[in-house]
Amino acid sequence: MGDPLYRPRRLRDNVILRQMLAEVDLRADQLIMPLFVRPGRGQRRPIGSMPGQFQLSVDMLVEEARRIADTGVRGLILFGIPESKDAEGSSGIDPSGIVPQAVAALKQAVPQMLVMTDVCLCEYTDHGHCGVLAEREGRQVVDNDHTVDVLARMAQVHAQAGADVVAPSDMMDGRVRAIRLALDADGYGHVPIMAYSVKYASNFYGPFREAAESPPQFGDRRGYQMDWRRRREAETEAALDVIEGADIIMVKPAMAYLDVLSGLRQRIALPLAAYHVSGEYAMIKAAAERGWIDERGTALESLTAIRRAGADLILTYFAPQAAEWLREERSG
């Protein structure tokens, strides 16, 4: 090899210099914790495919939010599990439903926490699809425009309960514009929309469907969620949501779509979020339980990679753990 004039390893040898030269900073206040809220009291039901995650009743949700806030995580996103479901997802627009109850309780008990809400019908419909169904050419499909009307009402209900941010995850065409207009008309023009703009029909959502009790009862969601073979469509979807009034653009899943996230970072000035989804979380947990990988190191590496690709915010089930690990690293 000879004696090279420049040796990159010189900048890696000293731990202080390594830290000073780091190009990406992963912080607790960039993380958002997804939580699942269900009816009842004293409920803390383990989610089998997501070790360490639970379905929580509102009282237990408040306790969990306090614990999460103590780690330095500043944001939550809520997914509701209603008492009853029907074909229209009507429990999702009930002002006294499970998510409005949870939002109101959180804003009173943990006012320092940013409370986001998922706006979608999959948790509320008895068929498990993300919208209201209609028949087309002898088959059942999701009715885009009818669903958009319901989603706009759901966003209003969440904002009225005190939600800081609403996050439509359904992938219906035109829903960001409809939600923006509905919120503005209702006096909630200050409430931002974090749009699931680029959401692929991914196999990585499996554990979430157990957690949210929302697997589709027939077919799949490929008719409205994006085809993972298409990258350029992500730019179209994101651009449409920007035009329609989104305040934050999201890519979901995160790890398998870092190229998409990075590409959008080059083209869009709005803040970008990425969802480190249930399957990505569950794989790390399962491999770590078997001793095949180091959970802490792999989780932090994964989250840092998402930041490096361009995400300003990361939704992750590792949020409180990651925050504690980061605090230990910086205090050590």
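Engineer: Just to check I follow, could you spell out unusual backbone geometry for this structure?
Structural biologist: It is generally the case that most residues other than glycine have a negative phi and that most peptide bonds are trans. Along the chain, Lys252 connects to Pro253 via a cis peptide bond; the corresponding omega equals -5 degrees. For Pro253, the location among the structural elements is in the loop between β10 (248-252) and α8 (258-267). A positive phi angle is found at Glu137, which is not glycine, with a value near 50 degrees. If you trace the backbone, Glu137 turns up in the loop between β6 (133-136) and β7 (139-142). We note that Glu213 has phi near 50 degrees; this positive angle belongs to a residue other than glycine. Position of Glu213 relative to the elements: it lies in the loop between α6 (206-211) and α7 (232-244). According to the relative accessible area criterion, Glu213 is partly exposed, its value standing at 34%.

Engineer: What exactly am I supposed to notice about the pattern of salt bridges here?
Structural biologist: Opposite charge on two side chains allows them to pair when their charged atoms are near. Inspection of every chain in the model, using the stated rule, returns 19 salt bridges. Measuring nitrogen to oxygen at the nearest pair gives 2.8 Å for the salt bridge that ties Arg67 to Glu64. Taken as a pair, Arg67 and Glu64 lie in helix α2 (residues 58-70) at a separation of three residues, close to a single helical turn. The partly exposed category is assigned to Arg67, whose relative accessible area is 38%. Measuring nitrogen to oxygen at the nearest pair gives 2.8 Å for the salt bridge that ties Lys107 to Asp164. With a gap of 57 residues between them, Lys107 in helix α3 (residues 98-109) and Asp164 in the loop between α4 (144-161) and β8 (165-168) connect regions that are remote in the sequence.

Engineer: Even after reading the chapter, I still don't get the pairing of β8, so can you show me in this structure?
Structural biologist: Across a regular strand the side chains alternate sides, sitting on one face of the sheet and then on the other. Judged by which residues are buried, β8 turns out to be covered on both faces: Val165 and Ala167 on one side and Val166 and Pro168 on the other are all buried. Here strand β5 (residues 114-119) pairs with β8 via four bridges, running parallel. Within β8, the position partnered with Val119 by the bridge is Pro168.

Engineer: Would you explain the packing of α8 against helix α10 (residues 295-309) in this entry?
Structural biologist: Helices that pack against each other are described as a pair by the angle of their axes relative to one another and the distance between those axes. It is at 8 Å that the axes of α8 and α10 come closest, and there the two elements cross at 35 degrees. Touching Leu258, Leu261, Ser262 and Arg265 of α8 are Ala305, Ile306 and Ala309, all from α10. Looking at the contact of α8 with α10 residue by residue, the class counts come to five nonpolar, one polar and one charged.

Engineer: What's the story with the packing of aromatic side chains in this structure? I'm lost.
Structural biologist: Centre distance and the angle of the planes are the two values used to describe a pair of aromatic rings. Counted according to the given criterion, the structure contains 10 aromatic pairs. Between Tyr200 and Tyr257, the aromatic rings sit 4.3 Å apart at their centres with planes inclined by 15 degrees, giving stacked as the arrangement. Here Tyr200 is found in the loop between β9 (194-199) and α6, whereas its partner Tyr257 is found in the loop between β10 and α8, with 57 residues between them in sequence. Here the aromatic cluster, defined as three or more aromatic residues joined through ring pairs, consists of Phe36, Phe79, Tyr196, Phe208, Tyr275, Tyr281, Tyr317, Phe318 and Trp325.

Engineer: Got a minute to help me understand α3 in this structure?
Structural biologist: At 3.6 residues per turn, the α-helix brings residues three or four places apart onto the same side. Compared with the 16 Å implied by 1.5 Å per residue over 12 residues, the 16 Å span of α3 between its first and last C-alpha is a close match. For α3, the full list of buried residues reads Ile98, Val99, Pro100, Ala102, Val103 and Leu106. Residues of α3 that are buried in the fold lie against β1 (31-37), α2, β4 (75-80), β5 and α4.

Engineer: I keep staring at the side chain of Glu123 and nothing clicks. Help me out?
Structural biologist: Within the fold, Glu123 resides in the loop between β5 and β6. Of the side chains with opposite charge, Arg221 comes closest to the buried, unpaired Glu123, at an N-O distance of 7.7 Å. At 3.5 Å, the side chain of Glu123 and the backbone nitrogen of Gly80 are in polar contact.

Engineer: Help me understand the pairing of β4 in this model?
Structural biologist: Among the six residues in β4, six count as buried, and that is most of the element. The side-chain alternation of β4 yields two buried faces, one formed by Gly75, Ile77 and Phe79 and the other by Leu76, Leu78 and Gly80. Pairing geometry for β1 and β4, over six bridges, is parallel. What sits directly across from Ile32, in β4, is Gly75. When β4 meets β5, the two strands line up parallel, connected through four bridges. Across the sheet, Leu76 pairs through a bridge with Val115, a residue of β5. Crossover β4 to β5 through α3 is right-handed.

Conventions adopted
- Counting starts from 1 at the beginning of each chain's written sequence and moves along it residue by residue.
- For a predicted model such as this one, the threshold for reporting local features is a pLDDT of at least 70, and the threshold for listing and counting side-chain atom pairs is 80 or more; totals across whole chains, interfaces and linings nevertheless cover every residue.
- The basis for every side-chain value is the complete set of non-hydrogen atoms in the structure, without hydrogens or water.
- Per the convention used, a helix needs a DSSP run of H or I reaching at least four residues, while a strand needs a run of E reaching at least two, with both numbered from the N terminus.
- The buried label goes to any residue with under 20% of its type's maximum accessible area, the exposed label to any with over 50%, and the partly exposed label to all in between, with areas taken from a 1.4 Å probe on protein chains only.
- The salt bridge criterion pairs a side-chain nitrogen of Lys or Arg with a carboxyl oxygen of Asp or Glu, the two atoms within 4 Å.
- Only strands that DSSP links by at least two bridges are regarded as paired with each other.
- As a rule, the C-alpha atoms of each element are fitted with a line to give its axis, helices using only the stretch in contact, and angles between N-to-C directions run from 0 to 180 degrees.
- Contacts between residues were defined by any pair of non-hydrogen atoms, one from each residue, lying within 4.5 Å.
- The classification used treats Ala, Val, Leu, Ile, Met, Phe, Trp, Tyr, Cys and Pro as nonpolar, Asp, Glu, Lys and Arg as charged, and all other residues, Gly among them, as polar.
- In this scheme Phe, Tyr and Trp rings, the latter by its six-membered ring, pair at centre separations within 6.5 Å, and the angle between planes marks the pair as stacked below 30 degrees, edge-to-face above 60, and tilted otherwise.
- A helix is expected to span 1.5 Å for every residue after the first.
- Charge assignment: positive for Lys and Arg, negative for Asp and Glu; neither His nor the chain ends contribute.
- Definition of a polar contact: a pair of N or O atoms within 3.5 Å, with one able to donate and the other able to accept a hydrogen when the atoms are protein atoms, and with sequence-neighbouring residues admitted only if both atoms are side-chain atoms.
- A clockwise course of the path from the first strand over the helix to the second, judged with the strands pointing away from the viewer, identifies a crossover as right-handed.

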